[in-house]
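# Secondary and tertiary structure notes
In case you want the letters, here they are:
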Amino acid sequence: MTIDTSQTTDAASAPVPGRRLSVAPMMDWTDRHCRVFHRHITEHTWLYTEMVTTGALVYGDVERHLRFNEEEHPVALQLGGSDPADLATSARLGQQWGYDEINLNCGCPSERVQKGAFGACLMAEPQLVADCVKAMRDAVDIDVTVKHRIGIDKHESYDFVRDFVGTVAEAGCTTFIVHARTAILKGLSPKENREIPPLKYDVAYRLKRDFPDFEIIINGGIKTEAEIDEHLRHVDGVMLGREAYHNPFLMASFDQRYYGATTEPKSRAEVIEAMIPYIAAQLAQYGVHGLKMNSITRHMLGLMQGLPGAKSFRQTLSDAKQLAAGDATLLRQAAVRLTAV
């Protein structure tokens, strides 16, 4: 099946780009400031929140967890939870706040997440995941998707992930984001789970062959346009993780290359200029609540990756004394230290 490059969401009442390219949800990284920064590099690539637990929304500060900036669209809310009623409530809040998609985390292997009975351990309970998906789909009009691994612990056979996808699909889910590694739930840290289990892209490719009417998006260890191009020969979309964070300007070509945009991407200097008023406005609005400038600039340290003077750029944006002054034009000072921009 050919996936349309646009889709309509009732939340936004306007077409949004398809999920051909996306940036993975990453804890402590893909917050709203990071997403605004990424949006100034690529207009169409989908952006995902950090995982937000249902408990944080059902019992906590909803605004703190769900507020985002209009320029972030298309943006998806990733939820962590395993109670269908709580997930339905959280998904409904996500739609009310204007998100374009609700994504269920079935891939995080951390022990802390497992203790909450969600993340990758949910792959062992596909019917529960299906119940969760159905509850969310009944509660919202926007897409409900699932991000998962290709296996857990000793459940590494293709049949295991195929049956998981098939069961969840019966609840109406048609988009699966496949992190092409097995999750080891005991004995490996989250970092080790991103590095030690081997990548098996062919499993995601096989899922696409077996479920041709579903949208299959591949994730895990993808770093270059050449790799993206190869994956797109087999699946519908590619989700980048740490490469998008550490080398964000890689995404500057995505709108033209993968979405047919005709406008020129912003230069690095233009991205910096776009972020200066954003930082100033955020500090003016939220600084009284303890927002510090480095909460935003820390996401920008990789902007000059690969350029002469990139180290000086990072050093300037990491200078505690200058950051404490809260002057967003520090970004310009950092850029000047490059031998080339």
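In what follows, the structure referred to is the one given above.
Below: a short report on this structure. Note that the coordinates shown come from a computational prediction; the quantities given were computed from them, not determined experimentally. (Residues numbered from 1 in each chain as written. Predicted model: local features only at pLDDT ≥ 70, side-chain atom pairs only at ≥ 80, totals over all residues. Heavy atoms only, no water.)

The next thing to look at is the overall build of the protein. Along its length, the protein carries 17 helices and eleven strands. C-alpha extents for the protein along the principal axes are approximately 55 × 45 × 45 Å. Across the 341 residues of the protein, 55% fall into the buried class. Expressed as a percentage of contacts within the protein between residues at least 6 apart in sequence, the contacts between residues at least 24 apart total 70%. When the accessible area of the protein is evaluated, it comes to approximately 14600 Å², of which 49% is carbon and sulfur surface. Across the protein, the 37 positively charged side chains and the 44 negatively charged ones have centroids separated by 7 Å. (Helix = DSSP H or I, 4+ residues; strand = E, 2+ residues; numbered from the N terminus. Buried < 20%, exposed > 50% of the residue type's maximum accessible area, 1.4 Å probe, protein only. Contact = heavy atoms within 4.5 Å. Areas by Shrake-Rupley, 256 points an atom, 1.4 Å probe, with all protein chains shown as cover. Lys, Arg positive; Asp, Glu negative; His and termini not counted. Charge placed at Lys NZ, Arg CZ, Asp CG, Glu CD.)

Turning our eyes to something else, we now look at the pairing of strand 8 (residues 143-152). The element strand 8 is extensively covered by neighbouring structure, given that nine of its ten residues are classed as buried. In the sheet, strand 7 (residues 101-106) pairs with strand 8 via six bridges, with the strands oriented parallel. Across the sheet, cysteine 106 pairs through a bridge with histidine 148, a residue of strand 8. Sheet topology places strand 8 next to strand 9 (residues 175-183); six bridges connect them, and they run parallel. Residue pairing for strand 9: arginine 149 is matched across the bridge by histidine 179. One crossover worth recording links strand 8 to the parallel strand 9 by way of helix 7 (residues 158-169), and it is right-handed. (Pairing = 2+ DSSP bridges. Right-handed = clockwise from strand over helix to strand, strands pointing away.)

Considering all chains together, one arrives at 14 salt bridges under this definition. One salt bridge in this structure joins arginine 257 and aspartate 229, with 2.5 Å as the shortest N-O distance. Placement of the pair is arginine 257 in helix 12 (residues 254-259) and aspartate 229 in helix 10 (residues 225-231), with a sequence separation of 28 residues. The exposure class of aspartate 229 is partly exposed, given its relative accessible area of 28%. Here the residues in one salt-bridge network are Arg19, Glu101, Asp143 and Glu215, joined through shared partners. (Salt bridge = Lys/Arg side-chain N within 4 Å of Asp/Glu carboxyl O.)

A few words now on the state of the cysteines. A complete count under the given rule lists zero disulfides for this structure. Free cysteine: cysteine 121, not disulfide-bonded; nearest cysteine sulfur from cysteine 106 at 8.7 Å. In this structure cysteine 132 is not part of a disulfide, and its nearest cysteine sulfur, from cysteine 106, lies 7.7 Å away. Using a relative accessible area of 0% as the deciding quantity, one classes cysteine 132 as buried. (Disulfide = S-S within 2.5 Å.)

Its place among the elements puts aspartate 255 in helix 12. An unpaired buried charge is present at aspartate 255: no salt bridge exists, and arginine 39, the closest side chain of opposite charge, is 6.1 Å distant. Sequence-distant contacts of aspartate 255, that is, excluding residues within four places in its chain, are made with Thr42, Glu43, His44, Thr45, Gly260 and Ala261.

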